[in-house]
Amino acid sequence: MFHTCRFGRIIQGVARWSGNGRIADAELNLGESEVREAHLAKALYFIKIGDKEKALEQLKVTESKTVAVGQKTDLVFYTLQLGFFYMDFDLISKSIDKAKSLFEEGGDWERKNRLKVYEGLYCMSTRNFKKAADLFLDSISTFTTYEIFPYDTFIFYTVLTSIISLDRVSLKQKVTDAPEILTIIGKIPYLSEFLNSFWPDRANKLGPLFASTLRYYMREIRTVVYSQILESYKSVTIEAKAKAFGVTVEFIDL
């Protein structure tokens, strides 16, 4: 164990020295672009080893040597990745605002679309499911944010946020019948059944799926589902709702 830890410290020391050495060499022998790249490499090293404070500090240094709006935005994306890793919502919120401010100076559509996914993930994490669903749905055909999760995970989040945010007509149009979602949803366990449970002839299948979801999300789901059955009847008893959804009266009354 001692030798392993010592070896790890040696490797990290060499990596840090190499980063500083690259910066010094670039400053002495190369141009501004190479100096910036050397600072960025050092920032990425700190991100890789999980040193949040040093990574943020080095990203600021790199930003001071960055002119292009696109490259500045890429630094914001690195900051967002740190924010999500450490669940630092204040850092995430400020970084999203900063990216939007940069886009006022210019910016390509690819980066703007990537920001939608980051913001959608932030909204979902802070329980703003409606805005998250809107942002995710806008990004389905332009998704390129593979640095935070694969496309099937993105579809998973899109479906879950849409279920409790959209009315039934919009849900069917934008999610249930969407070609992009149909090509992926079958690869995600239980998701198709979960989505299709919101139609009247399959409502009784919702019950067993409740156990695998978060408490808050399920409270929201129950609100949506109960609202759907109430749309069809002016007066519905608790017993009728319990029978329709295959649960007990006590569960409905929680």
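Everything here concerns the structure above.
This is a predicted model, so every value here is computed, not measured.

J.: What exactly am I supposed to notice about the pattern of salt bridges here?
T.: Any two side chains of opposite charge can pair if their charged atoms end up close together. Evaluated as defined, the whole model comprises 12 salt bridges. As a salt-bridge pair, Asp74 and Arg111 come within 2.9 Å of each other at their nearest N and O atoms. Remark: Arg111 occurs in helix α6 (residues 109-125) and Asp74 occurs in helix α4 (residues 69-85); sequence separation between them is 37 residues. Judged by its relative accessible area of 18%, Arg111 falls in the buried class. Of the charged contacts in the structure, one is a salt bridge between Asp134 and Lys130, with a shortest N-O distance of 2.8 Å. A residue pair is termed a helical-turn pair when its members lie 3 or 4 positions apart in one helix, as Asp134 and Lys130 do in helix α7 (residues 129-138) at four residues.

J.: Looking at this structure, I do not really get α4. What am I missing?
T.: Residues spaced three or four apart along an α-helix face the same direction, because each turn holds 3.6 residues. Between the first and last C-alpha of α4 there are 25 Å, a value that for 17 residues agrees with the 24 Å anticipated at 1.5 Å per step. Taken together, the buried positions of α4 are Val69, Gly70, Thr73, Leu75, Val76, Phe77, Thr79, Leu80, Leu82, Gly83 and Phe84. Along its buried surface, α4 packs onto α2 (32-49), α3 (52-64), α5 (89-105) and α6.

J.: In this structure, what is going on with the environment of Ala178? I would like to understand it.
T.: For Ala178, the location among the structural elements is in the loop between α9 (168-176) and α10 (179-185). Ala178 gets classed as buried once you look at its relative accessible area, which sits at 6%. Considered as a pair, Ala178 and Ile140 are 38 residues apart in the sequence and their alpha carbons are 9.7 Å apart.

J.: So what exactly am I meant to see when it comes to the nonpolar core here?
T.: In summary, soluble globular proteins display a tendency toward joint burial of nonpolar side chains. Formed by 43 residues in total, the largest nonpolar core has its most connected members in Leu80, Phe154, Ile155, Val159, Val175 and Ile181. For this core, the secondary-structure elements that each account for two or more residues are α4, α5, α6, α7, α8 (151-163), α9, α10 and α11 (191-196). Ranked by the residues each element gives to this core, the list is headed by α6, at seven residues. Residues contacting Ile181, with those up to four places away along its chain left out, are Ile140, Ile155, Val159, Lys174 and Val175.

J.: Is there a simple way to think about unusual backbone geometry in this case?
T.: The phi torsion of most residues other than glycine is negative, and most of the peptide bonds are trans. With phi around 50°, Met87 is a residue other than glycine that occupies positive phi space. Within the fold, Met87 resides in the loop between α4 and α5. Residue Met87 is classed as partly exposed on the basis of its relative accessible area, which comes to 47%. You will see that Arg127, though not glycine, has its phi angle at about 70°, which is positive. The topology assignment puts Arg127 in the loop between α6 and α7.

The rules behind each value
Residues numbered from 1 in each chain as written. Predicted model: local features only at pLDDT ≥ 70, side-chain atom pairs only at ≥ 80, totals over all residues. Heavy atoms only, no water. Salt bridge = Lys/Arg side-chain N within 4 Å of Asp/Glu carboxyl O. Helix = DSSP H or I, 4+ residues; strand = E, 2+ residues; numbered from the N terminus. Buried < 20%, exposed > 50% of the residue type's maximum accessible area, 1.4 Å probe, protein only. Expected span 1.5 Å × (residues − 1). Contact = heavy atoms within 4.5 Å. Core = buried A, V, L, I, M, F, W, Y, C linked by side-chain atoms within 4.5 Å.

That's the geometry; what it means functionally is another story.
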